[in-house]
Amino acid sequence: MDNSSGVGVLDKAATVLGALEAGPATLAQLVSATHLARPTAHRLAVALEHHRLVARDIQGRFILGPRLAELASAAGEDRLLAAAGPVLTALRDHTNESAQLYRRQGDQRICVAAAERPMGLRDSIPVGATLSMLAGSAAQVLLAWEEPDRLHRGLHGANFTATVLSAVRRRGWAQSVAEREPGVASISAPVRGPSGRVLAAVSISGPIERMGRQPGRLHAAAVVASANRLTEVLKRTEEG
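Structural notes, computed from the coordinates.

Parameters and conventions
- Residues numbered from 1 in each chain as written.
- Predicted model: local features only at pLDDT ≥ 70, side-chain atom pairs only at ≥ 80, totals over all residues.
- Heavy atoms only, no water.
- Helix = DSSP H or I, 4+ residues; strand = E, 2+ residues; numbered from the N terminus.
- Buried < 20%, exposed > 50% of the residue type's maximum accessible area, 1.4 Å probe, protein only.
- Contact = heavy atoms within 4.5 Å.
- Areas by Shrake-Rupley, 256 points an atom, 1.4 Å probe, with all protein chains shown as cover.
- Lys, Arg positive; Asp, Glu negative; His and termini not counted.
- Charge placed at Lys NZ, Arg CZ, Asp CG, Glu CD.
- Phe/Tyr/Trp six-rings, centres within 6.5 Å; stacked < 30°, edge-to-face > 60°.
- Lys NZ or Arg CZ within 6 Å of the ring centre and 35° of its normal.
- Core = buried A, V, L, I, M, F, W, Y, C linked by side-chain atoms within 4.5 Å.
- Salt bridge = Lys/Arg side-chain N within 4 Å of Asp/Glu carboxyl O.
- Pairing = 2+ DSSP bridges.
- Axes fitted to C-alpha atoms, helices over the stretch in contact; angles between N-to-C directions.
- 1 Å grid on protein atoms, 1.4 Å probe; cavity = no way out; pocket = protein on both sides within 12 Å on 5 of 7 lines; lining within 4 Å.
- Points joined across faces, edges and corners; volume = space filled by probe spheres on them.
- Nonpolar A, V, L, I, M, F, W, Y, C, P; charged D, E, K, R; others polar.
- Parallel < 35°, antiparallel > 145°, perpendicular 65-115°, else oblique.
- Polar contact = N/O pair within 3.5 Å; in protein donor to acceptor, adjacent residues only side chain to side chain.

## Comments concerning the overall build of the protein
Next, step 1: Broken down by element type, the protein carries 9 helices and 8 strands.
Next, step 2: The proportion of buried residues among the 240 residues of the protein is 46%.
Next, step 3: Put simply, of all contacts in the protein between residues at least 6 apart along the chain, 54% involve residues at least 24 apart.
Next, step 4: When the accessible surface of the protein is split by element, carbon and sulfur atoms take 54% of a total near 12,600 Å².
Next, step 5: Separation between the mean location of the 28 positive side-chain charges and that of the 22 negative ones in the protein comes to 4 Å.

## With respect to the packing of aromatic side chains
Next, step 1: Counting across every chain of the model gives 0 aromatic pairs.
Next, step 2: One cation-aromatic arrangement involves Arg109 over Tyr102; the distance from NZ or CZ to the ring centre is 4.7 Å.
Next, step 3: Positioned above the aromatic ring of Trp173 is the side chain of Arg171, whose terminal nitrogen or guanidinium carbon lies 4.1 Å from the ring centre.

## Focus: the environment of Gly206
Next, step 1: Position of Gly206 among the secondary structure elements: in strand β8 (residues 198-207).
Next, step 2: A relative accessible area of 0% places Gly206 in the buried class.
Next, step 3: In this structure, the C-alpha to C-alpha distance between Gly206 and Ala99, residues 107 residues apart in sequence, is 9.2 Å.

## Some remarks on the nonpolar core
Next, step 1: In terms of nonpolar packing, the biggest core is built from 30 residues, with Leu88, Leu101, Val191, Val202 and Leu230 touching the most fellow members.
Next, step 2: Those elements that provide at least two residues to this core are α4 (66-95), β3 (98-105), β4 (108-115), β7 (184-192), β8, α8 (208-211) and α9 (215-239).
Next, step 3: Residue contributions to this core peak at 7 residues, all from α9.
Next, step 4: Not counting chain neighbours up to four residues away, the residues in contact with Leu88 comprise Ala99, Gln100, Leu101, Ala113, Ala114, Ala115 and Val202.
Next, step 5: Of all hydrophobic cores here, the second largest spans 21 residues; its members include Leu151, Leu155, Val168 and Ala174.

## Some details on the pattern of salt bridges
Next, step 1: By the definition in use, this model includes 9 salt bridges.
Next, step 2: Ionic pairing is found between Arg56 and Glu49, a salt bridge with its closest N-O pair at 3.2 Å.
Next, step 3: Assessed through its relative accessible area of 38%, Arg56 is described here as partly exposed.
Next, step 4: Two residues, Glu97 and Arg210, come together in a salt bridge whose shortest N-O distance is 2.7 Å.

## Remarks on the sheet that holds strand β6 (residues 174-177)
Next, step 1: Taken together, 6 strands build an open sheet; the order of strands is β5-β4-β3-β8-β7-β6 and the sheet is antiparallel. Taken across any chain shown, the strands that pair with only one partner, and hence form the sheet edges, are β5 (130-132) and β6. Within this sheet the neighbouring strands show an average axis-to-axis angle of 30 degrees, counted without direction.

## Quick look at empty space enclosed by the protein
Next, step 1: Within the structure shown, the criterion is met by 1 cavity of 30 Å³ or more.
Next, step 2: For the largest cavity, the calculated volume is near 110 Å³.
Next, step 3: Only β3, α5 (137-144), β7 and β8 provide two or more residues apiece to the lining of the largest cavity.
Next, step 4: Broken down by element, the residue count for the lining of the largest cavity peaks at 3 residues, all from β7.
Next, step 5: The class makeup of the residues in the lining of the largest cavity is 6 nonpolar, 7 polar and 5 charged.

## Examining the packing of helix α2 (residues 27-34) against helix α3 (residues 38-50)
Next, step 1: As a packed pair, α2 and α3 sit with axes 9 Å apart at the nearest point and diverge in direction by 110 degrees. Overall, the two elements α2 and α3 adopt an arrangement that is roughly perpendicular. Across from Leu27, Ala28, Leu30 and Val31 in α2, the residues of α3 making contact are Arg38, Ala41, His42 and Ala45.
Next, step 2: For the contact of α2 with α3, the class distribution of residues is 6 nonpolar, 1 polar and 1 charged.

## Comments concerning the side chain of Gln100
Next, step 1: Within the fold, Gln100 resides in strand β3.
Next, step 2: Within the structure, Gln100 has its side chain in polar contact with the side chain of Ser205 (distance 3.1 Å).

All we've got here are geometric facts, nothing functional implied.
Given below as structure tokens:
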């Protein structure tokens, strides 16, 4: 089968990415795998590195870059959002608290789906709202499973500590009380992609008067179950 698209430089770049799918490669290994001339392979790998489609490991070998994971996450977002509506509505009805789905974007988190309480006191966070990654249970969840260097960078100025994040990883959910906003408590749990990477956080939030100083005791199991349902949706979609 002819894999040529007619755009030579793109075909060669795709060949480089395809070769790295098998794992880290030195320049010599890349040349051998792609059958490209050494200067061409080097030029393409460095250009792809500039766009974060390729990166280097600790030994300086070429590896697939972080941009590919970000693009894969974005591709999964439509499926995630389609499934989130009914799951968040069920969580709201079960807990009688507002439910949200957050995704990280750089140094912030964005509410990408929500199910509000129809009446009474509520912590209303509209879809599209941008919140800090320095406070709140969803921020804890979105940071807790990051690589160590990114995790430590994320702790600068945060209202929570490395010890708190360690506890989040151990139990699989986070809680916060008046951390992001006075009088508001929240609980969050991770939604994972097929690779196991945390892609989003399911949360509920409400007044401390109703949720108490240990909101996890009341609702952690329900929040974790909802996050796990969304994880299963992404896993099934990948398999399908």
